[in-house]
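Each chain is listed here by its residues.
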Amino acid sequence: MGGVRKYVKARRKNAEKACKAMREKREEEKRKREEEERQRGEGGRTVENVTPGTSRDTPGTSRDTPPRTTPPPHNTTISSALKRKQYLQSKEEDTVVEDEYIIVKKSYLQDQFSQVSCSNCYGKLKTKYNHKFLDCLIEFECEDCGMRGKNPEVGNTPVTQSLIYSTMDLGLGRTGLDRFLGDMNMKPLARNYSYYQSLVTVAAKKKVTDIMTSAIPAIKQLYSEANGVYDIRVIYDGSWQKRGHTSNLAMGAVIEAETGLVIDYEIMSKYCEKCTKKENAVKRKTISKEAFEEWLVGHKEECKKNYEGSSGGMEAAAAVKLFGRSLEHNLRYKVFISDGDSSAYDAVCKMNDGEGP
Ligand SMILES: [Zn+2]
Ligand SMILES: [Zn+2]
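Residues numbered from 1 in each chain as written. Chains lettered and ligands numbered in written order. Predicted model: local features only at pLDDT ≥ 70, side-chain atom pairs only at ≥ 80, totals over all residues.

- Going by the annotation in an unreviewed UniProt entry, the name recorded for the chain is Mutator-like transposase domain-containing protein, with Petrolisthes cinctipes given as the source organism.

Here you go:
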(Lines give C-alpha, C1' and ligand atoms only; values in the text may rest on other atoms or scores of the structure.)
(Ligands and ions follow the chains in the order given, each with its own letter.)
Protein backbone atom coordinates (compact mmCIF):
# COMPACT_ATOMS: atom_id res chain seq x y z
CA MET A 1 0.00 0.00 0.00
CA GLY A 2 2.71 2.42 1.11
CA GLY A 3 4.80 1.17 -1.76
CA VAL A 4 2.09 1.98 -4.27
CA ARG A 5 1.60 5.49 -2.87
CA LYS A 6 5.30 6.05 -3.22
CA TYR A 7 5.16 4.64 -6.73
CA VAL A 8 2.32 6.98 -7.70
CA LYS A 9 4.26 9.95 -6.34
CA ALA A 10 7.44 8.90 -8.10
CA ARG A 11 5.57 8.40 -11.39
CA ARG A 12 4.07 11.87 -11.23
CA LYS A 13 7.44 13.37 -10.48
CA ASN A 14 9.02 11.45 -13.36
CA ALA A 15 6.25 12.53 -15.71
CA GLU A 16 6.80 16.19 -14.80
CA LYS A 17 10.52 15.80 -15.29
CA ALA A 18 10.03 14.07 -18.64
CA CYS A 19 7.66 16.82 -19.83
CA LYS A 20 10.17 19.51 -18.92
CA ALA A 21 13.00 17.69 -20.63
CA MET A 22 10.85 17.19 -23.74
CA ARG A 23 9.95 20.88 -23.87
CA GLU A 24 13.57 21.87 -23.55
CA LYS A 25 14.59 19.41 -26.22
CA ARG A 26 11.94 20.66 -28.63
CA GLU A 27 13.10 24.24 -28.11
CA GLU A 28 16.69 23.26 -28.63
CA GLU A 29 15.81 21.42 -31.83
CA LYS A 30 13.84 24.38 -33.10
CA ARG A 31 16.81 26.65 -32.46
CA LYS A 32 19.09 24.26 -34.32
CA ARG A 33 16.71 24.03 -37.27
CA GLU A 34 16.44 27.79 -37.53
CA GLU A 35 20.20 28.15 -37.38
CA GLU A 36 20.67 25.58 -40.13
CA GLU A 37 18.03 27.14 -42.32
CA ARG A 38 19.76 30.47 -41.93
CA GLN A 39 23.09 28.94 -42.97
CA ARG A 40 21.48 27.23 -45.95
CA GLY A 41 19.91 30.50 -46.96
CA GLU A 42 23.35 32.14 -47.04
CA GLY A 43 25.31 29.41 -48.84
CA GLY A 44 22.54 27.52 -50.60
CA ARG A 45 23.03 29.01 -54.05
CA THR A 46 26.68 28.03 -54.36
CA VAL A 47 26.08 24.46 -53.13
CA GLU A 48 23.22 24.03 -55.58
CA ASN A 49 25.46 24.82 -58.51
CA VAL A 50 28.04 22.20 -57.60
CA THR A 51 27.83 18.95 -59.57
CA PRO A 52 29.40 15.68 -58.32
CA GLY A 53 32.07 15.80 -61.02
CA THR A 54 33.35 19.19 -59.96
CA SER A 55 32.95 18.80 -56.22
CA ARG A 56 36.50 17.48 -55.80
CA ASP A 57 37.93 20.71 -57.11
CA THR A 58 35.63 22.95 -55.17
CA PRO A 59 37.03 24.07 -51.85
CA GLY A 60 34.82 23.39 -48.86
CA THR A 61 33.03 20.37 -50.36
CA SER A 62 34.24 16.80 -50.61
CA ARG A 63 33.23 13.70 -52.55
CA ASP A 64 31.96 12.08 -49.36
CA THR A 65 29.30 14.71 -48.88
CA PRO A 66 27.36 15.08 -52.10
CA PRO A 67 25.63 18.45 -52.52
CA ARG A 68 22.10 18.69 -51.24
CA THR A 69 19.45 20.68 -53.00
CA THR A 70 16.70 19.99 -50.44
CA PRO A 71 17.12 19.71 -46.68
CA PRO A 72 16.97 16.12 -45.38
CA PRO A 73 13.78 15.54 -43.42
CA HIS A 74 15.18 14.06 -40.20
CA ASN A 75 18.64 15.53 -39.93
CA THR A 76 18.10 17.24 -36.60
CA THR A 77 16.09 14.73 -34.58
CA ILE A 78 17.61 11.58 -33.21
CA SER A 79 15.81 8.47 -34.46
CA SER A 80 13.76 6.36 -32.04
CA ALA A 81 15.78 3.25 -32.88
CA LEU A 82 18.98 5.06 -31.95
CA LYS A 83 17.37 6.39 -28.79
CA ARG A 84 16.39 2.87 -27.84
CA LYS A 85 19.88 1.60 -28.56
CA GLN A 86 21.43 4.32 -26.42
CA TYR A 87 18.95 3.63 -23.64
CA LEU A 88 19.67 -0.10 -23.67
CA GLN A 89 23.42 0.53 -23.71
CA SER A 90 23.21 2.85 -20.71
CA LYS A 91 21.04 0.27 -18.95
CA GLU A 92 23.55 -2.47 -19.70
CA GLU A 93 26.36 -0.44 -18.20
CA ASP A 94 24.78 0.43 -14.89
CA THR A 95 22.65 -2.63 -14.27
CA VAL A 96 23.70 -4.70 -11.30
CA VAL A 97 21.75 -7.93 -11.01
CA GLU A 98 22.00 -9.58 -7.66
CA ASP A 99 22.13 -13.35 -7.61
CA GLU A 100 21.78 -13.49 -11.38
CA TYR A 101 21.55 -16.70 -13.39
CA ILE A 102 24.37 -17.62 -15.70
CA ILE A 103 24.71 -20.28 -18.36
CA VAL A 104 27.97 -22.19 -18.06
CA LYS A 105 29.26 -25.04 -20.15
CA LYS A 106 29.92 -28.09 -17.96
CA SER A 107 33.39 -28.65 -19.38
CA TYR A 108 34.43 -25.09 -18.42
CA LEU A 109 33.52 -25.84 -14.82
CA GLN A 110 35.23 -29.22 -15.06
CA ASP A 111 38.46 -27.51 -16.18
CA GLN A 112 38.33 -25.17 -13.19
CA PHE A 113 37.51 -27.91 -10.69
CA SER A 114 40.39 -30.05 -11.91
CA GLN A 115 42.71 -27.45 -10.35
CA VAL A 116 41.08 -27.86 -6.92
CA SER A 117 42.09 -30.63 -4.53
CA CYS A 118 40.53 -32.30 -1.50
CA SER A 119 40.94 -30.34 1.73
CA ASN A 120 41.50 -33.60 3.60
CA CYS A 121 44.13 -35.46 1.56
CA TYR A 122 44.88 -33.15 -1.40
CA GLY A 123 43.44 -35.89 -3.57
CA LYS A 124 41.56 -35.45 -6.83
CA LEU A 125 37.96 -34.28 -6.67
CA LYS A 126 35.15 -35.82 -8.67
CA THR A 127 32.18 -33.60 -9.59
CA LYS A 128 28.57 -34.68 -9.88
CA TYR A 129 25.67 -32.58 -11.10
CA ASN A 130 22.29 -32.87 -9.38
CA HIS A 131 19.62 -31.76 -11.79
CA LYS A 132 16.02 -30.91 -11.30
CA PHE A 133 15.39 -29.91 -14.89
CA LEU A 134 17.26 -26.68 -15.40
CA ASP A 135 18.07 -26.10 -11.75
CA CYS A 136 21.34 -27.76 -10.98
CA LEU A 137 23.62 -28.08 -7.96
CA ILE A 138 27.17 -29.41 -7.91
CA GLU A 139 28.47 -32.11 -5.61
CA PHE A 140 32.12 -32.99 -4.91
CA GLU A 141 33.64 -36.30 -3.89
CA CYS A 142 37.31 -37.09 -3.29
CA GLU A 143 38.52 -39.93 -5.49
CA ASP A 144 41.21 -40.85 -2.95
CA CYS A 145 39.76 -40.58 0.57
CA GLY A 146 36.10 -40.61 -0.43
CA MET A 147 35.25 -37.43 1.47
CA ARG A 148 32.10 -35.82 0.13
CA GLY A 149 30.60 -32.40 0.44
CA LYS A 150 27.15 -32.11 1.93
CA ASN A 151 24.74 -33.67 -0.53
CA PRO A 152 23.02 -30.68 -2.04
CA GLU A 153 19.36 -31.20 -2.80
CA VAL A 154 17.60 -29.18 -5.40
CA GLY A 155 14.47 -27.99 -3.66
CA ASN A 156 12.83 -25.08 -5.41
CA THR A 157 13.23 -24.65 -9.12
CA PRO A 158 13.60 -20.90 -9.66
CA VAL A 159 15.61 -21.20 -12.87
CA THR A 160 13.19 -23.65 -14.46
CA GLN A 161 10.18 -21.59 -13.43
CA SER A 162 11.74 -18.36 -14.69
CA LEU A 163 12.36 -19.89 -18.08
CA ILE A 164 8.84 -21.35 -18.29
CA TYR A 165 7.45 -17.93 -17.35
CA SER A 166 9.55 -16.36 -20.06
CA THR A 167 8.30 -18.77 -22.75
CA MET A 168 4.73 -18.00 -21.68
CA ASP A 169 5.44 -14.27 -21.71
CA LEU A 170 6.91 -14.48 -25.20
CA GLY A 171 4.11 -16.72 -26.43
CA LEU A 172 6.53 -19.51 -27.33
CA GLY A 173 4.89 -22.30 -25.35
CA ARG A 174 6.17 -25.82 -25.00
CA THR A 175 7.36 -26.15 -28.60
CA GLY A 176 9.36 -22.94 -28.29
CA LEU A 177 10.95 -24.10 -25.07
CA ASP A 178 11.84 -27.48 -26.57
CA ARG A 179 13.53 -25.76 -29.47
CA PHE A 180 15.36 -23.37 -27.18
CA LEU A 181 16.63 -26.19 -24.98
CA GLY A 182 17.61 -28.21 -28.04
CA ASP A 183 19.48 -25.29 -29.60
CA MET A 184 21.26 -24.56 -26.34
CA ASN A 185 22.22 -28.21 -25.80
CA MET A 186 20.31 -28.35 -22.51
CA LYS A 187 18.22 -31.08 -20.88
CA PRO A 188 14.72 -31.37 -22.37
CA LEU A 189 11.82 -30.64 -20.05
CA ALA A 190 9.80 -33.59 -21.37
CA ARG A 191 6.38 -33.96 -19.80
CA ASN A 192 6.63 -31.41 -17.05
CA TYR A 193 5.84 -28.23 -18.92
CA SER A 194 2.19 -28.10 -17.81
CA TYR A 195 3.13 -28.69 -14.19
CA TYR A 196 5.59 -25.80 -14.12
CA GLN A 197 3.20 -23.69 -16.15
CA SER A 198 0.54 -24.15 -13.48
CA LEU A 199 3.02 -23.15 -10.73
CA VAL A 200 3.91 -20.01 -12.65
CA THR A 201 0.27 -19.17 -13.39
CA VAL A 202 -0.74 -19.43 -9.73
CA ALA A 203 2.19 -17.25 -8.64
CA ALA A 204 1.56 -14.66 -11.39
CA LYS A 205 -2.17 -14.43 -10.61
CA LYS A 206 -1.42 -13.91 -6.93
CA LYS A 207 1.03 -11.15 -7.76
CA VAL A 208 -1.43 -9.42 -10.09
CA THR A 209 -4.21 -9.59 -7.48
CA ASP A 210 -1.87 -8.20 -4.81
CA ILE A 211 -0.86 -5.29 -7.02
CA MET A 212 -4.38 -4.43 -8.11
CA THR A 213 -5.72 -4.66 -4.55
CA SER A 214 -3.21 -2.08 -3.38
CA ALA A 215 -3.52 0.05 -6.53
CA ILE A 216 -7.21 0.83 -6.10
CA PRO A 217 -6.99 2.55 -2.66
CA ALA A 218 -3.98 4.52 -3.91
CA ILE A 219 -5.91 5.71 -6.97
CA LYS A 220 -8.89 6.72 -4.84
CA GLN A 221 -6.69 9.21 -3.03
CA LEU A 222 -6.33 11.19 -6.25
CA TYR A 223 -10.07 11.71 -6.72
CA SER A 224 -12.90 13.01 -4.62
CA GLU A 225 -15.71 10.77 -3.52
CA ALA A 226 -19.44 11.32 -3.98
CA ASN A 227 -21.94 8.94 -2.35
CA GLY A 228 -19.23 6.35 -1.85
CA VAL A 229 -18.30 6.34 -5.55
CA TYR A 230 -15.21 7.81 -7.19
CA ASP A 231 -15.47 9.18 -10.72
CA ILE A 232 -12.14 8.53 -12.36
CA ARG A 233 -10.38 8.97 -15.69
CA VAL A 234 -9.28 5.79 -17.39
CA ILE A 235 -7.46 4.54 -20.44
CA TYR A 236 -8.91 1.45 -22.06
CA ASP A 237 -7.01 -0.77 -24.44
CA GLY A 238 -7.19 -4.29 -25.73
CA SER A 239 -4.68 -6.67 -27.14
CA TRP A 240 -4.80 -9.92 -29.08
CA GLN A 241 -2.61 -12.96 -28.82
CA LYS A 242 -2.18 -13.04 -32.60
CA ARG A 243 -2.19 -10.36 -35.25
CA GLY A 244 -4.92 -10.30 -37.86
CA HIS A 245 -8.44 -11.18 -37.02
CA THR A 246 -7.87 -14.85 -36.23
CA SER A 247 -6.84 -14.75 -32.59
CA ASN A 248 -8.60 -17.04 -30.14
CA LEU A 249 -7.41 -15.02 -27.17
CA ALA A 250 -7.67 -11.33 -26.38
CA MET A 251 -7.57 -9.15 -23.33
CA GLY A 252 -8.77 -5.73 -22.28
CA ALA A 253 -7.40 -3.61 -19.46
CA VAL A 254 -8.62 -0.52 -17.66
CA ILE A 255 -5.72 1.74 -16.68
CA GLU A 256 -6.03 4.80 -14.46
CA ALA A 257 -4.97 7.78 -16.57
CA GLU A 258 -2.78 9.72 -14.08
CA THR A 259 -0.83 6.90 -12.53
CA GLY A 260 -0.79 4.25 -15.24
CA LEU A 261 -1.87 1.65 -12.71
CA VAL A 262 -4.03 -1.21 -13.99
CA ILE A 263 -7.38 -1.33 -12.20
CA ASP A 264 -9.02 -4.31 -13.84
CA TYR A 265 -8.57 -6.66 -16.78
CA GLU A 266 -10.57 -9.26 -18.62
CA ILE A 267 -9.41 -12.14 -20.78
CA MET A 268 -11.65 -13.16 -23.67
CA SER A 269 -11.28 -16.63 -25.10
CA LYS A 270 -12.86 -18.34 -28.06
CA TYR A 271 -11.12 -21.56 -27.23
CA CYS A 272 -11.14 -24.15 -24.42
CA GLU A 273 -8.64 -26.98 -24.69
CA LYS A 274 -10.75 -29.43 -22.66
CA CYS A 275 -13.92 -28.72 -24.66
CA THR A 276 -12.08 -29.14 -27.95
CA LYS A 277 -10.60 -32.46 -26.85
CA LYS A 278 -14.04 -33.77 -25.84
CA GLU A 279 -15.68 -32.49 -29.03
CA ASN A 280 -13.06 -34.30 -31.07
CA ALA A 281 -13.73 -37.46 -29.07
CA VAL A 282 -17.44 -37.16 -29.94
CA LYS A 283 -16.51 -36.74 -33.62
CA ARG A 284 -14.34 -39.86 -33.45
CA LYS A 285 -17.23 -41.58 -31.63
CA THR A 286 -15.01 -42.56 -28.69
CA ILE A 287 -17.61 -40.99 -26.37
CA SER A 288 -21.34 -40.57 -26.92
CA LYS A 289 -23.06 -37.23 -27.39
CA GLU A 290 -25.01 -37.83 -24.16
CA ALA A 291 -21.84 -38.48 -22.20
CA PHE A 292 -20.41 -35.24 -23.59
CA GLU A 293 -23.50 -33.23 -22.58
CA GLU A 294 -23.28 -34.70 -19.09
CA TRP A 295 -19.58 -33.81 -18.86
CA LEU A 296 -20.30 -30.29 -20.07
CA VAL A 297 -22.59 -29.55 -17.09
CA GLY A 298 -19.80 -30.22 -14.63
CA HIS A 299 -17.22 -28.46 -16.81
CA LYS A 300 -19.10 -25.13 -17.26
CA GLU A 301 -17.50 -23.69 -14.08
CA GLU A 302 -13.92 -24.10 -15.29
CA CYS A 303 -14.53 -23.67 -19.04
CA LYS A 304 -12.09 -21.20 -20.57
CA LYS A 305 -14.34 -20.22 -23.48
CA ASN A 306 -16.29 -17.06 -22.72
CA TYR A 307 -16.75 -15.51 -26.15
CA GLU A 308 -18.28 -16.39 -29.47
CA GLY A 309 -18.08 -14.20 -32.54
CA SER A 310 -15.39 -12.36 -34.47
CA SER A 311 -11.96 -11.87 -32.95
CA GLY A 312 -12.19 -8.17 -33.72
CA GLY A 313 -15.18 -7.83 -31.42
CA MET A 314 -13.32 -9.19 -28.39
CA GLU A 315 -11.89 -5.83 -27.33
CA ALA A 316 -15.35 -4.29 -27.18
CA ALA A 317 -16.81 -7.31 -25.39
CA ALA A 318 -14.11 -7.08 -22.71
CA ALA A 319 -14.80 -3.35 -22.32
CA VAL A 320 -18.49 -4.02 -21.70
CA LYS A 321 -17.63 -6.55 -18.99
CA LEU A 322 -15.10 -4.26 -17.33
CA PHE A 323 -17.23 -1.12 -17.39
CA GLY A 324 -20.17 -3.16 -16.14
CA ARG A 325 -18.37 -4.13 -12.95
CA SER A 326 -16.52 -0.93 -12.03
CA LEU A 327 -18.89 -0.28 -9.14
CA GLU A 328 -17.61 -3.47 -7.49
CA HIS A 329 -14.60 -1.32 -6.60
CA ASN A 330 -16.77 1.78 -5.96
CA LEU A 331 -15.34 3.34 -9.09
CA ARG A 332 -17.06 4.92 -12.07
CA TYR A 333 -15.00 5.26 -15.24
CA LYS A 334 -16.10 8.75 -16.13
CA VAL A 335 -13.52 9.70 -18.77
CA PHE A 336 -12.71 7.12 -21.45
CA ILE A 337 -9.37 7.54 -23.22
CA SER A 338 -8.61 5.12 -26.02
CA ASP A 339 -6.88 4.70 -29.35
CA GLY A 340 -8.35 5.31 -32.83
CA ASP A 341 -10.56 2.22 -32.72
CA SER A 342 -13.82 3.43 -31.24
CA SER A 343 -15.63 0.07 -31.21
CA ALA A 344 -15.03 -0.41 -27.47
CA TYR A 345 -16.26 3.11 -26.73
CA ASP A 346 -19.38 2.57 -28.85
CA ALA A 347 -20.08 -0.76 -27.15
CA VAL A 348 -19.78 0.82 -23.70
CA CYS A 349 -22.13 3.66 -24.71
CA LYS A 350 -24.70 1.13 -25.93
CA MET A 351 -24.76 -0.67 -22.55
CA ASN A 352 -28.10 -0.75 -20.68
CA ASP A 353 -30.17 0.17 -23.73
CA GLY A 354 -28.01 3.13 -24.58
CA GLU A 355 -27.85 4.53 -21.05
CA GLY A 356 -24.22 3.59 -20.69
CA PRO A 357 -22.52 1.70 -17.86
ZN1 LIG B 1 40.49 -36.70 -0.07
ZN1 LIG C 1 -14.48 -25.69 -21.86
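More follows now that the structure is in view.
### Quick word on the overall build of the chain
- Assigned secondary structure in the chain consists of eleven helices and seven strands.
- Here the chain, with 357 residues, has 11% of them falling under the buried criterion.
- Considering only contacts within the chain whose residues lie at least 6 apart along the sequence, 55% involve residues at least 24 apart. (Helix = DSSP H or I, 4+ residues; strand = E, 2+ residues; numbered from the N terminus. Buried ≥ 20, exposed ≤ 12 C-beta atoms within 10 Å, placed from the backbone. Contact = placed C-beta atoms within 7 Å.)

### Details of the pairing of strand 5 (residues 249–256)
- Side-chain alternation along strand 5 places Ala250, Gly252, Val254 and Glu256 on a buried face and Leu249, Met251, Ala253 and Ile255 on a face that remains uncovered.
- Sheet topology places strand 4 (residues 229–240) next to strand 5; seven bridges connect them, and they run antiparallel. Across the sheet, the residue bridging to Trp240 is Ala250, located in strand 5.
- In this sheet, strand 6 (residues 262–269) lies alongside strand 5 in antiparallel orientation, the contact comprising seven bridges. Bridge pairing links Met251 to Ile267 in strand 6.
- Where strand 5 hands over to strand 6, the hairpin turn is made up of five residues, of which Gly260 adopts a positive phi near 80 degrees. (Pairing = 2+ DSSP bridges.)

### As for the nonpolar core
- Formed by 22 residues in total, the largest nonpolar core has its most connected members in Ile219, Val234, Val254, Ile263, Ala318, Ala319 and Tyr333.
- Taken together, the elements giving at least two residues each to this core come down to helix 6 (193–220), strand 4, strand 5, strand 6, helix 9 (314–324), strand 7 (331–337) and helix 10 (343–349).
- Looking at this core, the element that brings in the most residues is helix 9, giving seven residues.
- Grouped together as the second largest cluster of nonpolar side chains are eight residues, Phe133, Leu134, Leu163 and Leu189 included. (Core = buried A, V, L, I, M, F, W, Y, C linked by C-beta atoms within 7 Å.)

### A word on the confidence of the model for the chain
- Confidence in the prediction for the chain averages 81 pLDDT; 82% of positions are at 70 or higher.
- pLDDT under 50 marks residues 43–72. Its contacts with residues more than four places away, or in other chains, come to 15 contacts. (pLDDT = per-residue confidence, 0-100.)

### Things to note about helix 6
- Taking 1.5 Å of rise per residue, 28 residues should cover 40 Å, and helix 6 covers 40 Å from first to last C-alpha, within 8% of that figure.
- Turning to helix 6, its buried residues are Tyr196, Val200, Ala215, Ala218 and Ile219. (Expected span 1.5 Å × (residues − 1).)

### Observations concerning the packing of helix 7 (residues 273–283) against helix 8 (residues 289–299)
- Axis separation between helix 7 and helix 8 bottoms out at 10 Å; the angle between their running directions is 170 degrees. Between helix 7 and helix 8, the crossing angle belongs to the class labelled roughly antiparallel. Facing helix 7, whose interface residues are Lys274, Lys278 and Val282, helix 8 presents Lys289, Phe292, Trp295 and His299.
- For the contact of helix 7 with helix 8, the residue count by class is three nonpolar, one polar and three charged. (Axes fitted to C-alpha atoms, helices over the stretch in contact; angles between N-to-C directions. Parallel < 35°, antiparallel > 145°, perpendicular 65-115°, else oblique. Nonpolar A, V, L, I, M, F, W, Y, C, P; charged D, E, K, R; others polar.)

### Here's the deal with the packing of helix 4 (residues 158–169) against helix 6
- Contact geometry of helix 4 with helix 6 gives a least axis separation of 9 Å together with a crossing angle of 85 degrees. Judged by the inter-axis angle, helix 4 sits roughly perpendicular to helix 6. In contact with Thr160, Gln161, Ile164, Tyr165 and Met168 of helix 4, helix 6 contributes Tyr193, Tyr196, Gln197, Leu199 and Val200.
- Across the contact of helix 4 with helix 6, the residue classes break down as seven nonpolar, three polar and no charged.

### Re unusual backbone geometry
- One non-glycine residue, Asn227, adopts positive backbone phi at about 55 degrees.
- Position of Asn227 among the secondary structure elements: in the loop between strand 3 (225–226) and strand 4.
- Using a count of 5 C-beta atoms within 10 Å as the deciding quantity, one classes Asn227 as exposed.
- Positive phi is not limited to glycine here, since Asn330 has a value of about 55 degrees.

### Observations concerning the environment of Gly171
- Examined against the element boundaries, Gly171 turns out to sit in the loop between helix 4 and helix 5 (173–183).
- On the neighbour-count criterion, Gly171 (10 C-beta atoms within 10 Å) is exposed.
- Along the chain, Gly171 and Lys242 lie 71 residues apart, while their C-alpha atoms are 9.5 Å from each other.

### Let's talk about the environment of Asp144
- Inspection of the secondary structure puts Asp144 in the loop between strand 2 (135–142) and helix 4.
- Looking at Asp144, the number of C-beta atoms within 10 Å reads 14, which means it is partly exposed.
- Residues contacting Asp144, with those up to four places away along its chain left out, are Cys118, Cys121, Gly123 and Lys124.

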